[in-house]
Amino acid sequence: GENVEQHPSTLSVQEGDSAVIKCTYSDSASNYFPWYKQELGKRPQLIIDIRSNVGEKKDQRIAVTLNKTAKHFSLHITETQPEDSAVYFCAASIGGGADGLTFGKGTHLIIQP
Amino acid sequence: DTAVSQTPKYLVTQMGNDKSIKCEQNLGHDTMYWYKQDSKKFLKIMFSYNNKELIINETVPNRFSPKSPDKAHLNLHINSLELGDSAVYFCASSWGLAYYTDTQYFGPGTRLTVL
């Protein structure tokens, strides 16, 4: 089955700096890669996703890149703000079916004022 | 107006008991899921249903039995609860079975504590 590795487990950055979280996946059949943000005690919320026919996607301060050959994808957050502090999860699935998502173990992002 | 809802939000029970968690979505989605988030925050798929039919059943003990009375509801019944079942259980839904429509939306979670 699919295996998703996520690094780092904790990331502390100064407010206004950029943050990068990296994930690798094992199943070359995976073609859907969402990123979720989870605040303490809350549900995971989708912040951005990318499909395998696209190499990069951007939404304001958030961007995701995908390298299918290397089987890795990354989340980039620019101009970080205190409200960006949360746990971020990457995930992968084959997509197009009722597939569950295989999640990475999460990155605790801490924005230092 | 809640898209994916779960009840109860908290569930505290004794070992050996049987309990159920309910999930409902009003998004018109065809596919629903159950995920377990353990104490280390790791999220793992348990089951998925498409239009009331079981699609995925990961290696979950058969003490866990999902039931989908209709495509808007997916309930989770757990028999003979064990300490290791303590976790947050999230329901999710998506259109499923169609490319470009597989974004999953999560419910608020049910925190299960087994004493």
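Residues numbered from 1 in each chain as written. Chains lettered and ligands numbered in written order. Predicted model: local features only at pLDDT ≥ 70, side-chain atom pairs only at ≥ 80, totals over all residues. Heavy atoms only, no water.

Some remarks on the environment of Ser80 of chain B
All names here are of chain B.
Right, on to step 1. On the secondary structure map, Ser80 appears in the loop between strand S8 (73–78) and strand S9 (87–94).
Right, on to step 2. Counting along the chain gives 24 residues from Ser80 to Ile56, while the straight-line C-alpha distance between them is 22 Å.
Right, on to step 3. In contact with Ser80, not counting residues within four places along its chain, are Gly16, Asn17, Asp18, Arg63 and Asp85. (Helix = DSSP H or I, 4+ residues; strand = E, 2+ residues; numbered from the N terminus. Contact = heavy atoms within 4.5 Å.)

Quick word on the sheet that holds strand S3 (residues 19–25) of chain A
Residue and element names in this part refer to chain A.
Right, on to step 1. Ordered by their spatial adjacency, 5 strands build an open sheet running S1-S3-S8-S7-S6, and the pairing between neighbours is antiparallel. The strands lining the two open edges of the sheet, one partner per strand, are strand S1 (4–7) and strand S6 (56–59). Strand after strand, the sheet turns through a mean of 15° between neighbouring axes, direction not considered.
Right, on to step 2. Alignment of S1 against S3, held across 4 bridges, turns out to be antiparallel. Bridge pairing in S3 links Gln6 to Cys23. (Pairing = 2+ DSSP bridges. Axes fitted to C-alpha atoms, helices over the stretch in contact; angles between N-to-C directions.)

Topic: the interface of chain A and chain B
The extent of an interface is frequently quoted as the accessible surface area lost upon association of the parts.
Right, on to step 1. Between chain A and chain B, the residue contacts involve 24 residues of the former and 26 residues of the latter.
Right, on to step 2. Buried area between chain A and chain B, both sides added, is near 2100 Å², and the carbon and sulfur share of it is 55%.
Right, on to step 3. Linking chain A with chain B are 6 residue pairs in polar contact (both at pLDDT 80 or more), by the criterion used here.
Right, on to step 4. When residues of the side of chain A that touches chain B are traced back to their parent elements, those giving at least two are strand S4 (32–38) and strand S5 (45–51) of chain A.
Right, on to step 5. When its residues are assigned to classes, the side of chain A that touches chain B shows 9 nonpolar, 9 polar and 6 charged. (Buried area = accessible area lost by both parts, 1.4 Å probe. Polar contact = N/O pair within 3.5 Å; in protein donor to acceptor, adjacent residues only side chain to side chain. Nonpolar A, V, L, I, M, F, W, Y, C, P; charged D, E, K, R; others polar.)

Some thoughts on the pairing of strand S7 (residues 64–70) of chain B
Right, on to step 1. Judged from the 5 bridges that link them, S7 of chain B and S8 of chain B form a sheet pairing that is antiparallel. The residue bridging Pro66 of chain B from the neighbouring strand is Leu76 of chain B, located in S8 of chain B.

Examining the nonpolar core
Right, on to step 1. Judged by nonpolar contacts, the single largest core of 23 residues is most densely connected at Trp35, Phe73, Leu75 and Leu109 of chain A.
Right, on to step 2. At the level of secondary structure, the elements contributing two or more residues to this core comprise strand S2 (10–14), S3, S4, S5, strand S7 (62–67), strand S8 (72–77), strand S9 (86–92) and strand S11 (107–112) of chain A.
Right, on to step 3. Within the second largest apolar cluster, 20 residues are counted, among which are Met32, Leu74, Ile78 and Cys91 of chain B. (Core = buried A, V, L, I, M, F, W, Y, C linked by side-chain atoms within 4.5 Å. Buried < 20%, exposed > 50% of the residue type's maximum accessible area, 1.4 Å probe, protein only.)

Details of the sheet that holds S7 of chain B
Residue and element names in this part refer to chain B.
Right, on to step 1. On the basis of which strands lie adjacent, the open sheet formed by 4 strands has the order S1-S3-S8-S7 and antiparallel pairing. Of all strands in the sheet, those with a lone pairing partner are strand S1 (4–7) and S7, marking the two edges. For this sheet the average axis-to-axis angle between neighbouring strands, irrespective of direction, equals 20°.
Right, on to step 2. Relative to strand S3 (residues 19–25), S1 runs antiparallel, the two sharing 4 bridges. Residue Gln6 lies in a different strand from S3, and its bridge partner there is Cys23.

A few points about the side chain of Thr13 of chain B
Residues and elements named next belong to chain B.
Right, on to step 1. Checked against the element boundaries, Thr13 lands in strand S2 (residues 10–13).
Right, on to step 2. Looking at Thr13, the relative accessible area reads 4%, which means it is buried.
Right, on to step 3. A distance of 2.9 Å separates polar atoms of two side chains, one belonging to Thr13 and the other to Asn17.
Right, on to step 4. Setting aside its immediate chain neighbours within four residues, Thr13 contacts Lys19, Leu81, Leu112, Thr113, Val114 and Leu115.

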